[in-house]
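# Observations on the model geometry
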Amino acid sequence: MSILEQIVSGIGLPNFWVLLPEIIVLLTAFILLVLELFIKNRVVISGITIGGLLLAAASISLIREGDVTFYGLYVVDMFSLVFKLFLILTTIFVVINLKPYLDSKKTYYGEYYYIILFALIGMMIMVSAPNLVTFYMGLELAAVSIYILAGTFRKDYRSKEGAFKYLIIGGMGTAIISYAIALIYGRTGSFDFYTIASSINSNSLDIGMIGALILLIVGLGLKAAAVPFHFWTPDAYEGAPTPITAFMAVAAKIATFAVILRVMVEAFPFISSEWSFAWALLAAASMIIGNIIALRQENVKRMLAYSSIAHTGYILAALAAPTGMGFTALIFYSLIYIFMGIGGFIVLSALEKNHNWTNHINDFKGLARRSPMMALFMLIFMFSMLGIPPTVGFMGKLGVFLALIGMDLWWLAVVLVIMSIISAGYYLRVVIYMYMYEPVSKARLNYSVSEMFTVAFMATFVLILGIYPTIFWGLSSTLSSVLLAGIGR
Amino acid sequence: MNVEFVTAGFPLITLSIIIPVIAAAVLFIVKEELAKPISIITSAIVFLITTYMLFAYDYTSYKIQFYEKYTWIPQFGVSYEVGVDALSLTMVWLTALAFLVSFIWSTNIQKRIKEYFISFLILEAACIGVFVSWDLVWFYIFWEAMLIPMFLIIGIWGYAERIYAATKFFIYTFFGSLFLLIGVIGMYIYQYFNKEILSTSYFDLVNLNLPFNLEIIFFLLLALGFAIKVPMWPFHTWLPAAHVQAPTAGSVILAAVLLKMGTYGFIRFSLPWFPEASKYFVPVMFTLGVIAIIYTAMMALSQTHIKRIIAYSSVSHMGFVTIGTFALNMEGMNGAIITMISHGFTSAALFLAAGYIYDRVHSYELNDLGGLAKFMPVFATLFMISAMASAGLPGLSGFVGEFLALVGTFKASVLTGVLAGISLIVGAGYTLWLYHKSMFKESLLTPEKIHRWEKLKDMNGVELTSFVPLVVMMFVLGIYPAWWIKLIETTSAAILSKIIGG
């Protein structure tokens, strides 16, 4: 018997079948890494990327039952699979819009494609982590890849500045999280979520554990761009190439929310009243600061960056109500934010290709005359972010309201209401500039097919889900019950 | 409250919501010239449907008719639930009429025609939806969805200050409706925790029997949303701005339909849901109503802008609806509902008249007018009838409602009745003054004006077709109000059943 066979017979071979999506994405990334050295044809490169991603998305449907594999280091359940599916779809929509954008900027870097895939793998690991170490690895893989992505416009000062800021602050977040993990390990002797959960309850809280919890929340809040840890966000978002901004603002955030939910619910289920208050404070701060600063922005891309901070606030507010309803609302809002966020940023990316377009609010003057469809889609996204029915943004806020009022958190609900009203100021401004001013320039606006498709697809879903959210609600509540069923397993 | 339902054999109500939406979608693809005929035909179909329902409605006892219900979000107990009682029905019919009139009037629109008609069609669907929904989530969806097209209508096709007015309108109403939303969610959660029912249906929430302190809280939350929409003093400041800046058809819809949503909300939700709180707040509502009537009537007297005068008179009339509603007796309630209908006719007609004058003279300022009657006699007659109906001349629609509302108010509180009654004189004052100054006053005429006005044409076919139906309805309602009162009587009784028993 060889040594390898001895090992296998001793501890068993991990179940690689359930890792199929990750394996496909990883292989695609490596193939691209090599191919990119030889092939300069961008169509081939992006074609391979999209093909790999579609294959990975399809492979998710092959996984019939979940498993905890890699000796308890990796969990594949419905929660992680659904989030993986949406992350892959998001990435597809980013990748198909990357080429037209880069063509128009006349700067092409092949690195984009495989680094995006590495970031995606990081996020997939994040949402599958049952263990603080796996979680940390996924978080870092995603974060490091995104630092690079944000800074790939290396001749552009703002891109470098944003990436550098993100690197410094993100690195700090990493350090904070690792302190937190060290403290938790010291207190419980385990990295595993369930072991941690079973050894901590509200009576056994001591100063070390509280410190660990605070550090963990601060670190995660930093990754999710919650106020007061948001300082990297506007610069990094504004400096990055716009499709990458969409990737950062949507995919990375969704993965972060999923992991926040997973860590909080699975590792600390019995002290939910402690952490929920911390998240409530972060949520309130994010809503207030994000919305008020967004009000003063002249640059629409930067405004959307602040608006995404505000949305972090709305989503985290659901975590202030640690009930099944709260988790459902969080999952639902995260999933629907994909449609609004990708839509909004891709509209910018499509417009930005045109000569002299700076994303300044004045550039939007009369867009409805110059390009009626694009303006209509932007209008739908703006009203959805504002939360006006029949768009899906309203359904998201409705879920958060239900969760908050169900837990008697009236103060947070009122903050949400007031901040929503304030947000009307800047979302409406975009609509006003598009529809109620005469165009300043008559130059034709050109869009690629992929951009038109992406934006139309997202806008259609924003409306369909706004009228018929039933399936998504069902999905979200199933996912939240999957999480809750895991408690104390 | 146990309610009987008559299920619709044919989904007429859903149809009247969906047809405008489909038409709006069609307008996206067809050529610009087809926008006007398609919109007019669509709104005519909707008007026919609602008219059919108006006559098919069985008013002998209180039943929700043409009722449809389909499960929608089972996790939250949300269904798509529509149906009408007499209050909803008259409002829906009024909506359909107002939109038909506006569409016909709008044939002279030149700017961005497709977008204009798409906005109006979507607005029509949302407005009808508000009045027929019995599920609170759907009610809220329609209630808010209406903001988007109205915002665009004021902002794109309005006059000089349109962007300011549109934003003010949007933010004011959005503010109110969010409080309405948390009020409703609060009740929903209360229902879930106390009765274990997961439902957003009106008919479940109406049987909640809240404790008094909660009733007060929820009443206030909902009232904030409704009061801004009515608008009640002191939340009315968005209205003159929006009316003055909106295009003619926009003003018509704003006055004839949107204002009714607020009073509809009070009658439909506040009274049956919070009977004790409603009684408790009667003095407050009376005070606000009387202030609205007197203060805004005074404001109207001091204006020189035609649309602003009509806008303030709308707030004043809505004050009558408020006090009629909170008189909490049959006369008051009937009066409130009849006033809502009548105000739909008169304000729509008056705004059309203002638009008509502007189209000819290109000014809304009274001082730029004067002595117009001689030059356009047909218009002068129709305008006169509308103005008299608005002022409450017996035989025309305005009188019936205001009279009943006052009778109800006198029964509830003599002082309020007297104050509101006195202000009727002021009301007659500004209406007559408006008419006199614009149509008769010959001292304002200069030779130059006469020269210009001799060239003015009297009403053309389009204007007549949009104006005459409203004037006819003023006579119908004014001369034979008994049919209308019979129609709404059972509904008024059902709405008041929790408060006065029976």
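Since this is a predicted model, take the numbers as computed values, not measurements.

## A short note on the overall build of chain B
- On a plain count of helices and strands, chain B comes out with 21 helices and three strands.
- The C-alpha radius of gyration of chain B comes to 22 Å, within 12% of the 23 Å expected for a compact globule of 502 residues.
- Dimensions of chain B, computed from C-alpha atoms along their principal axes, come out at roughly 75 × 60 × 40 Å.
- Here chain B holds 502 residues, and 68% of them are scored as buried.
- Surface accessibility of chain B: about 16,000 Å² in total, with carbon and sulfur atoms responsible for 69%.
- Separation of charge centres in chain B, based on 27 positive and 27 negative side chains, amounts to 7 Å.

## Some thoughts on the environment of F461 of chain A
All names here are of chain A.
- Within the fold, F461 resides in helix α19 (residues 449-467).
- The partly exposed category is assigned to F461, whose relative accessible area is 28%.
- Each C-alpha atom of the pair F461 and T391 lies 8.9 Å from the other, and the pair is 70 residues apart in sequence.
- Setting aside residues no more than four positions away along its own chain, F461 makes contact with F339 and G466.

## Regarding the sheet that holds strand β2 (residues 63-73) of chain B
Residues and elements named next belong to chain B.
- The three strands are arranged β1-β2-β3 in an open sheet whose pairing can be described as mixed. Of all the strands in the sheet, just β1 (4-7) and β3 (78-84) have a single pairing partner and so form its edges. If you compare each strand with its neighbour and ignore which way they point, the axes differ by 50° on average.
- Pairing geometry for β2 and β3, over six bridges, is antiparallel. Residue pairing across strands places Y70 opposite Y80, the latter belonging to β3.

## Observations regarding the layout of surface pockets
- Quantified by volume, the largest pocket comes out at close to 1,400 Å³.
- Along the walls of the largest pocket sit 43 residues, with L463 of chain A together with V21, A24, F28 and I122 of chain B positioned nearest its centre.
- The dominant element in the lining of the largest pocket, judged by the number of residues it contributes, is helix α1 (residues 12-29) of chain B, at eight residues.
- Reported here for the second largest pocket is a volume of approximately 340 Å³.
- Residue lining of the second largest pocket: 18 residues in total, with K105, F153, D156, R158 and E352 of chain A positioned closest to the centre.
- Within the lining of the second largest pocket, the residues separate by chemical class into five nonpolar, five polar and eight charged.

## Thoughts on the packing of aromatic side chains
Residues and elements named next belong to chain B.
- Within this structure, the stated rule accounts for 78 aromatic pairs over all chains.
- Between Y159 and Y364, the aromatic rings sit 5.6 Å apart at their centres with planes inclined by 90°, giving edge-to-face as the arrangement. Placement of the pair is Y159 in the loop between α6 (147-157) and α7 (162-195) and Y364 in the loop between α15 (330-361) and α16 (377-391), with a sequence separation of 205 residues.
- Its guanidinium or amino end placed over the ring of W143, K229 lies 4.4 Å from that ring's centre, counting from NZ or CZ.

## What to know about the interface of chain B and chain A
- Listed by partner, the interface residues are 38 residues for chain B and 37 residues for chain A.
- Contact between chain B and chain A buries roughly 3,400 Å² in total, counting both sides, with carbon and sulfur atoms accounting for 85%.
- Between the two partners, chain B and chain A, sit zero salt bridges.
- One can count five residue pairs in polar contact (both at pLDDT 80 or more) joining chain B with chain A.
- At the level of secondary structure, the elements contributing two or more residues to the side of chain B that touches chain A comprise β2, α5 (136-145), α6, α7 and α9 (212-229) of chain B.
- Looking at the side of chain B that touches chain A element by element, the count peaks at 16 residues for α7 of chain B.

## Observations regarding the environment of Y166 of chain A
Residue and element names in this part refer to chain A.
- Within the fold, Y166 resides in helix α7 (residues 157-188).
- Here the alpha-carbon distance between Y166 and L54, two residues 112 residues apart in the chain, equals 30 Å.
- Excluding residues within four positions of it along the chain, Y166 makes contact with I146, Y147, G171, W232, A236 and M248.

## Some thoughts on the pattern of salt bridges
- Summed over all chains, the structure comprises 24 salt bridges over all chains.
- Between E161 of chain A and K165 of chain A there is a salt bridge, with its nearest N and O atoms 4.0 Å apart. Here E161 of chain A and its partner K165 of chain A are both found in helix α7, four residues apart, which amounts to about one turn of the helix.
- What makes E161 of chain A partly exposed here is its relative accessible area of 30%.
- With a relative accessible area of 31%, K165 of chain A lands in the partly exposed category.
- Between K63 of chain B and D58 of chain B there is a salt bridge, with its nearest N and O atoms 3.3 Å apart.
- Among the residues examined, K63 of chain B registers a relative accessible area of 16% and is labelled buried.
- A relative accessible area of 29% means that D58 of chain B is categorised as partly exposed.

## Some thoughts on the confidence of the model for chain A
- Of all residues in chain A, 98% attain a pLDDT of 70 or more, and the chain-wide mean is 89.
- Predicted confidence in chain A is weakest over helix α1 (residues 3-11) of chain A, with a mean pLDDT of 66, and strongest over helix α13 (residues 300-319) of chain A, with 94.

## Looking at the confidence of the model for chain B
- Chain-level statistics for chain B give a pLDDT mean of 90 and a share of 99% at 70 or above.
- Interface confidence for the predicted complex, expressed as ipTM, amounts to 0.91; the pTM equals 0.93.

## So, the side chain of E451 of chain A
- If you trace the backbone, E451 of chain A turns up in helix α19.
- If we ignore the near neighbours within four places in the chain, the residues touching E451 of chain A are N97, P100, I346, S349, A350 and K353 of chain A.

## Brief notes about a nonpolar patch on the surface
All names here are of chain A.
- The grouping of L13, F16, I23, L27, I31, F70, Y71 and L73 at the surface amounts to a nonpolar patch, some 760 Å² of accessible area in total.
- One can find Y71 in the loop between β1 (67-69) and β2 (74-76).
- Residue class for Y71 comes out exposed when judged on its relative accessible area of 51%.

## Section: the side chain of T431 of chain B
Residue and element names in this part refer to chain B.
- Relative to the assigned elements, T431 resides in helix α18 (residues 414-440).
- The exposure class assigned to T431 is buried, which follows from its relative accessible area of 4%.
- Aside from chain neighbours lying at most four places away, what touches T431 is A387 and A391.

Reading the values: rules and limits
- Residues numbered from 1 in each chain as written.
- Chains lettered and ligands numbered in written order.
- Predicted model: local features only at pLDDT ≥ 70, side-chain atom pairs only at ≥ 80, totals over all residues.
- Heavy atoms only, no water.
- Helix = DSSP H or I, 4+ residues; strand = E, 2+ residues; numbered from the N terminus.
- Rg over C-alpha atoms; globule rule 2.2 N^0.38 Å.
- Buried < 20%, exposed > 50% of the residue type's maximum accessible area, 1.4 Å probe, protein only.
- Areas by Shrake-Rupley, 256 points an atom, 1.4 Å probe, with all protein chains shown as cover.
- Lys, Arg positive; Asp, Glu negative; His and termini not counted.
- Charge placed at Lys NZ, Arg CZ, Asp CG, Glu CD.
- Contact = heavy atoms within 4.5 Å.
- Pairing = 2+ DSSP bridges.
- Axes fitted to C-alpha atoms, helices over the stretch in contact; angles between N-to-C directions.
- 1 Å grid on protein atoms, 1.4 Å probe; cavity = no way out; pocket = protein on both sides within 12 Å on 5 of 7 lines; lining within 4 Å.
- Points joined across faces, edges and corners; volume = space filled by probe spheres on them.
- Nonpolar A, V, L, I, M, F, W, Y, C, P; charged D, E, K, R; others polar.
- Phe/Tyr/Trp six-rings, centres within 6.5 Å; stacked < 30°, edge-to-face > 60°.
- Lys NZ or Arg CZ within 6 Å of the ring centre and 35° of its normal.
- Buried area = accessible area lost by both parts, 1.4 Å probe.
- Salt bridge = Lys/Arg side-chain N within 4 Å of Asp/Glu carboxyl O.
- Polar contact = N/O pair within 3.5 Å; in protein donor to acceptor, adjacent residues only side chain to side chain.
- pLDDT = per-residue confidence, 0-100.
- Patch = residues over 30% accessible without salt bridge, like charges linked within 9 Å, V, L, I, M, F, W, Y side chains within 5 Å.

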